[in-house]
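What the coordinates show
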Amino acid sequence: MKKRHLVTAALPYANGPLHIGHLAGAYLPADIYVRYLRLMGRDVVFVCGSDEHGAAITVKARKEGTTPRAIVDKYHAMLKDTFEKIGIAFDIYHRTSEPLHHETSQDFFRTLLKNNQFEEKESDQYFDEVAGQFLADRYIVGTCPVCAHPEAYGDQCEKCGSTLSPTDLINPKSMLSGSVPVMRPTKHWYLRLDQHEQWLREWINTGRTAEGGKQLHNPADWKNHVLGQCNSWLEQGLQPRAMTRDLDWGVDVPHEIPGSEGKKLYVWLDAPIGYISATKQWALDNDKDWKPYWQNDDTALIHFIGKDNIVFHCLIFPAILKAHGEFILPVNVPANQFLNLEGRKLSTSKNWAVWVHEYCEEFKGQEDVLRYNMIKKMPEQSDSEFTWKGFQETNNNELVNNLANFVNRVLVLMHKYYDGLVPSVNPDQSFKSGWDAEKTGQYNEELHLLHQKLEAMGAEIERFDFREALRIFMEISSAGNALLQFNEPWKTEKENPEMVKVVMNLALQHVAALSVAARPFLPFAAAKLRDMLNLAPLRDEGDLLDVLNELVEGNPIVLPNHAIGQAAHLFSRIPDEVIQKQIDKLTATDPAPTTTEQEQPNTTPSPSKYEPLKETIQFDDFAKMDLRTGTILTAEKVEKSKKLLKLSVDMGFETRTILSGIAEHFTPEEVVGKQVVVLANLAPRVMMGTESQGMILFAEDSEGKLGFVGPSANGWPNGMGVK
RNA sequence: GGCGCGAUAGCUCAGCUGGUUAGAGCGUGCGAUUCAUAAUCGCAAGGUCGGGAGUUCAAGUCUCCCUCGCGCUACCA
């Protein structure tokens, strides 16, 4: 194992609160890993912070009539508070708007420039002639080519989730001035990723940056989907990537560099360097040196992220680090897959989520219950699912019935029989082992078994299998329950008090071991347990290592005559009403039916389903559109396209070829013969090698389902106007 | 469309380089027990390992094709 660890968790974007998907994907696994390392006495720094730049934040500020600064201040404070409440124990939670970060990333940029890592390239970008500036993708709105949502952004449609590029938008408009943007050439700095392809391929697949080079990591330890995603990119060939953008909210390209006016560092540089700035700030605050953590190959650098971030952390950021020349590469990037909620994908825009700050309000004192559930459902190898019902069952059956109940019965019996003083034991006294009813137990040997379990648990954490680690943790509680069950102190106390002393002492050692081992998973419960046992609070400085060192010798971790505290309930049952309330809340904010309900006609949509009205236009604006009736004659799927159908439409006076993005809604057979309304004077556009000569109108419901729009009477003549 | 990852008991998931009757937790059924938040402990039932073909003495595990889910990507009005 390396001498020291630097652990990062993906920087959350400061334009919204944290939901359980974020938690299960990156922050909780990172936190467990780090807490474990601290318990083992390792040198570890855990950094994170808010990602506060980019156009999405300025857009949000504009919408809400405030400043980007106000937006990031609000969400930074909120995120920081949420992390604290749910027990994510960063060493520092930084933010990219700090001057230190600006300096750090600008220095990085200078070094890359000096090292000839950039090429300057001109490309055409949308430019707002009224506002006199280039437009970030987010600053351009238009109609989504996929779902016809009229307010899609240049990079993404929030309605249907499609990834877009600004040139895809129909009727693009600048959000700054409302004018129609024009294409204009602009210059940017591109990182020569193509020059890094060779060693990246070698590094990803062999753990060495060059043949015969030093072994930096073992690819067998990396997750399948991580390697697969990387190789998929490598095989397609890496292209130079722009590292700067025409933005107005971000880190300036250093001013001394010619052509830097109006240019900001793109998120590719800005965000990951945030890890480094955060480490620097931590070092300043704690009178430490940040450099060994980033520049010494004794350090294990580990990035915890979600699967959408794989390429960024496994290819682009490593390329940046290597291009700089003085930095180490990550030894692992244990990316998780996605967590679904009640059968559907989490969606911020559709408010289909469990918000962590709300959970912390509504379930005060039950932070660990959420953590436990997140671990059980952690999407380590494939997507997983959170349900409120499962949340309740897990809490009641495992945390209350097994763990909390075990702790409670031990403490109650200890007080009953020994007034809360740990009894001394005769190590030769035999009893039934809690691990196997058939086996005769021996005190020191049983303590040694406890050691083995804790060690196995740690090994699983080290290989990022947190669910398995948690299972082993619970095994210790189950074995404790079994120990009591097999030996029945409540029956045997009178006839065989010596045996009961050993059993109760041993049961207490289980509880004590759990009070330490729980720390990575259930930090609040761990603290409560320490208190109940009247043991010193954990210091995060090798407490588990100390326990292991005693147990491996067969020694107890709580000595005879230690006075324990009063028993209290570690976890409480969650009743049906509480769960039902959460389910109601979820379905109230998003009335979308589940799959089984989808058949039901939904005639009374709630007000929230309606899109806001667009701004008022004049009659002249409407009159510009030439709408005509037409009939679809033929339809076929466009090759290599998922969404397009190629249609020929009888317009009466002529037959037109029109491409329409409806292949995911209708089969070609379904649409042939349908009478439709066509926007006939729309400028033609070539897509997938075919020119589209118009646009077909569809009605869309709140689910994104499409319906034909046409004259209600059959046999209406084609080519007629629609007014 | 291309590429990647996944599809295993009612539910949530493990199954490393192919090799004995395919595992765990939860749920279910039966039994034991009462110190404990009607908790606990034991036993049992439950799977043609998404579908099809192939390689092999032997395939959940390798190859090919197909279906479905998710992600990345693409000139998609």
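Keep in mind the model is a prediction, meaning the values are calculated, not measured.

Here's the deal with the confidence of the model for chain A
In regions of low pLDDT, the predicted coordinates are not meant to be interpreted in detail. For chain A, the average pLDDT comes to 86, and 90% of its residues sit at 70 or higher. In the model, residues 591-613 has pLDDT below 50 throughout and makes 13 contacts with residues more than four positions away in sequence or in other chains. Here the complex is predicted with pTM 0.82, and the ipTM for its interfaces comes to 0.90.

With respect to the pairing of strand 22 (residues 675-679)
Burial analysis of strand 22 places 5 of its 5 residues in the buried class, which makes it a mostly covered element. Of the two faces of strand 22, the one lined by Q675, V677 and L679 and the one lined by V676 and V678 are each fully buried. Pairing of strand 22 with strand 25 (residues 695-696) involves 2 bridges; the strand directions are antiparallel. Within the sheet, the bridge partner assigned to L679 lies in strand 25 and is M695.

Notes on the sheet that holds strand 13 (residues 299-304)
What holds strands together in a sheet is hydrogen bonding between their backbones, with the strands either parallel or antiparallel. With parallel pairing, the 4 strands of this open sheet are ordered in space as 3-2-1-13. The outermost strands of the open sheet, each flanked by one partner alone, are strand 3 (92-95) and strand 13. Within this sheet the neighbouring strands show an average axis-to-axis angle of 25°, counted without direction. Note that strand 1 (residues 4-9) and strand 2 (residues 43-50) share 5 bridges and pair parallel. Bridge assignment links L6 to a residue of strand 2, and that residue is V45. Sheet strands in contact with helix 1 (residues 20-39) are strand 1, strand 2 and strand 13, and its direction is about 155° off that of strand 2. The strands that helix 3 (residues 68-86) touches are strand 2 and strand 3; relative to strand 3, the one it contacts most, it runs at about 170°.

With respect to the sheet that holds strand 4 (residues 118-128)
With antiparallel pairing, the 4 strands of this open sheet are ordered in space as 5-4-9-10. Unpaired on one side and paired on the other, strand 5 (133-134) and strand 10 (241-242) mark the two borders of the sheet. Summarising the sheet, strand 4 and strand 9 (residues 182-191) pair through 10 bridges and their orientation is antiparallel. When the sheet's bridge partners are listed, F118 is paired in strand 9 with L191.

Quick word on the layout of surface pockets
Put simply, the second largest pocket is a space of about 290 Å³. Y33, D221, A300, I302 and V331 are the residues nearest the centre of the second largest pocket, which is lined by 15 residues in total. Considering only residue class, the lining of the second largest pocket consists of 7 nonpolar, 4 polar and 4 charged.

A word on the packing of aromatic side chains
Summed over the entire model, instances satisfying the criterion amount to 30 aromatic pairs. Between the aromatic rings of F304 and F464, the centroid separation amounts to 5.8 Å while the plane-to-plane angle is 75°, which identifies the pairing as edge-to-face. Remark: F464 occurs in the loop between helix 13 (443-462) and helix 14 (466-487) and F304 occurs in strand 13; sequence separation between them is 160 residues. As far as burial versus exposure is concerned, F304 and F464 are alike and both buried. Taking 6.0 Å as the distance between ring centres and 55° as the angle between the ring planes, the aromatic pair formed by F386 and F391 counts as tilted. Residue F386 is classed as buried on the basis of its relative accessible area of 0%. F391 sits in the buried class, given a relative accessible area of 0%. Connected via pairs of aromatic rings, a cluster forms that spans F108, Y275, W290, W294, F317 and F327. In this structure, K121 is placed above the aromatic ring of Y190, and the distance from its NZ or CZ to the ring centre is 4.5 Å.

Observations concerning unusual backbone geometry
Look at E342: it is not a glycine, yet its phi comes out positive at around 50°. Assignment of secondary structure puts E342 in the loop between strand 14 (339-341) and strand 15 (344-345). Taking the relative accessible area as the measure of exposure, E342 reaches 27% and is therefore partly exposed. Backbone geometry places D419, a non-glycine residue, at a positive phi of 55°. Secondary-structure assignment places D419 in the loop between helix 12 (388-418) and strand 17 (431-432).

Some details on helix 13
Three or four residues apart is the spacing at which side chains of an α-helix point the same way, because the helix has 3.6 residues per turn. Its 20 residues place the ends of helix 13 29 Å apart at the C-alpha level, agreeing with the 28 Å of an ideal helix rising 1.5 Å per residue. Three or more residues of helix 13 are buried, namely Y443, E446, L447, L450, H451, L454, M457, G458, E460 and I461. Packed against the buried residues of helix 13 are helix 1, strand 17, strand 18 (440-441), helix 14, helix 16 (497-517) and helix 18 (543-552). Two residues or fewer after helix 13 comes F464, characterised by a positive phi angle close to 65°.

Concerning the nonpolar core
Of all hydrophobic cores here, the largest spans 172 residues; its most connected members are Y27, W294 and F473. In terms of residue count, the dominant contributor to this core is helix 16 (14 residues). Aside from chain neighbours lying at most four places away, what touches Y27 is A9, A10, L11, P12, L18, H22, F46, C48, F83, I88 and F90.

Overview of the pattern of salt bridges
Considering all chains together, one arrives at 39 salt bridges under this definition. Here R38 ties to D91 by a salt bridge, and the two come within 3.1 Å at their closest N and O atoms. In this pair, R38 is assigned in helix 1 and D91 in the loop between helix 3 and strand 3, connecting sequence segments 53 residues apart. A relative accessible area of 11% means that R38 is categorised as buried. Note on D91: relative accessible area 31%, which makes it partly exposed. In this structure, E84 engages K80 in a salt bridge whose closest nitrogen and oxygen atoms are separated by 3.8 Å. Residue E84 and its partner K80 are located together in helix 3, separated by 4 residues, close to a single helical turn. Note on E84: relative accessible area 53%, which makes it exposed. Exposure remark for K80: the relative accessible area of 34% places this residue in the partly exposed category.

Here's the deal with helix 7 (residues 267-286)
The terminal C-alpha atoms of helix 7, which comprises 20 residues, lie 28 Å apart, in line with the 28 Å expected from a rise of 1.5 Å per residue. Of all 20 residues that make up helix 7, 16 are buried, and the element is covered over most of its length. Taken from the residues just after helix 7, D287 is the one with a positive phi, measuring 55°.

Focus on the pairing of strand 20 (residues 645-650)
Taken residue by residue, a regular strand's side chains alternate between the two faces of the sheet. Both strand 20 and strand 21 (residues 655-660) contribute to a ladder of 6 bridges, which runs antiparallel. Bridging across to strand 21, V649 finds its partner in R656. Between the end of strand 20 and the start of strand 21, which pair antiparallel, lie 4 residues, with G652 showing a positive phi angle near 85°.

Analysis parameters
- Residues numbered from 1 in each chain as written.
- Chains lettered and ligands numbered in written order.
- Predicted model: local features only at pLDDT ≥ 70, side-chain atom pairs only at ≥ 80, totals over all residues.
- Heavy atoms only, no water.
- pLDDT = per-residue confidence, 0-100.
- Contact = heavy atoms within 4.5 Å.
- Buried < 20%, exposed > 50% of the residue type's maximum accessible area, 1.4 Å probe, protein only.
- Helix = DSSP H or I, 4+ residues; strand = E, 2+ residues; numbered from the N terminus.
- Pairing = 2+ DSSP bridges.
- Axes fitted to C-alpha atoms, helices over the stretch in contact; angles between N-to-C directions.
- 1 Å grid on protein atoms, 1.4 Å probe; cavity = no way out; pocket = protein on both sides within 12 Å on 5 of 7 lines; lining within 4 Å.
- Points joined across faces, edges and corners; volume = space filled by probe spheres on them.
- Nonpolar A, V, L, I, M, F, W, Y, C, P; charged D, E, K, R; others polar.
- Phe/Tyr/Trp six-rings, centres within 6.5 Å; stacked < 30°, edge-to-face > 60°.
- Lys NZ or Arg CZ within 6 Å of the ring centre and 35° of its normal.
- Expected span 1.5 Å × (residues − 1).
- Core = buried A, V, L, I, M, F, W, Y, C linked by side-chain atoms within 4.5 Å.
- Salt bridge = Lys/Arg side-chain N within 4 Å of Asp/Glu carboxyl O.

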